[in-house]
Amino acid sequence: MFTNALNRFRLISATEGLSFLLLVFIAMPIKYVGQNPYPVKVFGMIHGILFLIFMVSLFQAKIKESWNIGFMFQLFVLSLIPFGAFFIERRVKVRANN
């Protein structure tokens, strides 16, 4: 799975996207409804570390796959929205098949 930069990017993108969903839809409601800020601290730190790894792998994939800056910027913007990882996967898969 980690044989090349594109596969690493796809795996890290999915993992980072999942951590974002857990943060937004599980940890944040626990914080505000359950009055317990601890899950946000834990999931927030995990998500932050994964996001930094995501950015590094995005740059590596850009270089190895010769993506233009516009495509890379689109993937970055998609990573900022919930469920964006699914759209990233679709765009990268289409680009890889061409």
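For the structure, see preceding data.
Below: a short report on this structure.

So, how was this worked out
Residues numbered from 1 in each chain as written. Predicted model: local features only at pLDDT ≥ 70, side-chain atom pairs only at ≥ 80, totals over all residues. Heavy atoms only, no water. Helix = DSSP H or I, 4+ residues; strand = E, 2+ residues; numbered from the N terminus. Buried < 20%, exposed > 50% of the residue type's maximum accessible area, 1.4 Å probe, protein only. Contact = heavy atoms within 4.5 Å. Areas by Shrake-Rupley, 256 points an atom, 1.4 Å probe, with all protein chains shown as cover. Axes fitted to C-alpha atoms, helices over the stretch in contact; angles between N-to-C directions. Parallel < 35°, antiparallel > 145°, perpendicular 65-115°, else oblique. Left-handed = near helix turned anticlockwise from the far one by under 90°. Nonpolar A, V, L, I, M, F, W, Y, C, P; charged D, E, K, R; others polar. Phe/Tyr/Trp six-rings, centres within 6.5 Å; stacked < 30°, edge-to-face > 60°. Lys NZ or Arg CZ within 6 Å of the ring centre and 35° of its normal. Lys, Arg positive; Asp, Glu negative; His and termini not counted. Salt bridge = Lys/Arg side-chain N within 4 Å of Asp/Glu carboxyl O. Arc of directions from axis to C-beta.

1. Re the overall build of the protein chain
Here is step 1 of the chain: Looking only at helices and strands, the protein chain features four helices and zero strands.
Here is step 2 of the chain: Ordered by position from N to C terminus, the α and β elements of the protein chain give α-α-α-α.
Here is step 3 of the chain: Based on the C-alpha atoms only, the size of the protein chain along its principal axes is roughly 50 × 20 × 20 Å.
Here is step 4 of the chain: In the protein chain, which comprises 98 residues, the share counted as buried stands at 33%.
Here is step 5 of the chain: Sequence-distant contacts, at least 24 apart, represent 58% of the contacts inside the protein chain between residues at least 6 apart.
Here is step 6 of the chain: With an accessible surface of roughly 6300 Å², the protein chain has 70% of that area assigned to carbon and sulfur atoms.

2. Topic: the packing of helix α1 (residues 5-33) against helix α4 (residues 84-97)
Here is step 1 of the chain: Orientation of α1 relative to α4, taken along the N-to-C sense of each, is 165 degrees, at an axis distance of 9 Å. The angle between α1 and α4 places the two elements in the roughly antiparallel class. Judged by the twist between their axes, the crossing of α1 over α4 is left-handed. Facing L6, F9, R10, S13, G17 and L21 of α1, the residues of α4 in contact are A85, F86, I88, E89, V92, K93 and A96.
Here is step 2 of the chain: Along the lines of polarity and charge, the residues of the contact of α1 with α4 split into eight nonpolar, two polar and three charged.

3. Re the packing of aromatic side chains
Here is step 1 of the chain: In the structure shown here, the tally under the stated rule is eight aromatic pairs.
Here is step 2 of the chain: Ring centres of F83 and F86 lie 6.2 Å apart, and the angle between their planes is 20 degrees; on these two criteria the pair is classed as stacked.
Here is step 3 of the chain: Judged by its relative accessible area of 42%, F83 is partly exposed.
Here is step 4 of the chain: Taken together, the ring pairs in this structure connect F9, F51, F54, W67, F71, F73 and F76 into an aromatic cluster.
Here is step 5 of the chain: Here the basic side chain of R95 rests over the ring of F71, its NZ or CZ set 3.9 Å away from the ring centre.

4. Section: the side chain of E16
Here is step 1 of the chain: Residue placement: E16 occurs in helix α1.
Here is step 2 of the chain: Buried E16, no salt bridge; nearest opposite-charge side chain is R10, N-O distance 14 Å.
Here is step 3 of the chain: When neighbours within four sequence positions are excluded, E16 is seen to be in contact with H47, L50, F51, F54 and S79.

5. Details of the packing of helix α2 (residues 38-65) against helix α3 (residues 69-78)
Here is step 1 of the chain: Two elements in contact, α2 and α3, have axes separated by 11 Å at closest approach and are oriented at 160 degrees. The angle between α2 and α3 places the two elements in the roughly antiparallel class. Crossing of α2 against α3: the hand is right-handed. In contact with F51, F54, M55, L58, F59 and K62 of α2, α3 contributes I69, M72, L75 and F76.
Here is step 2 of the chain: Within the contact of α2 with α3, the residues separate by chemical class into nine nonpolar, no polar and one charged.

6. Looking at α3
Here is step 1 of the chain: Those residues of α3 not exposed but buried are F71, M72, L75 and L78. Down the axis of α3, the sector holding all buried residues measures 125 degrees, keeping them to one side. Away from the buried face of α3 by more than 90 degrees, exposed residues I69 and F73 are located.

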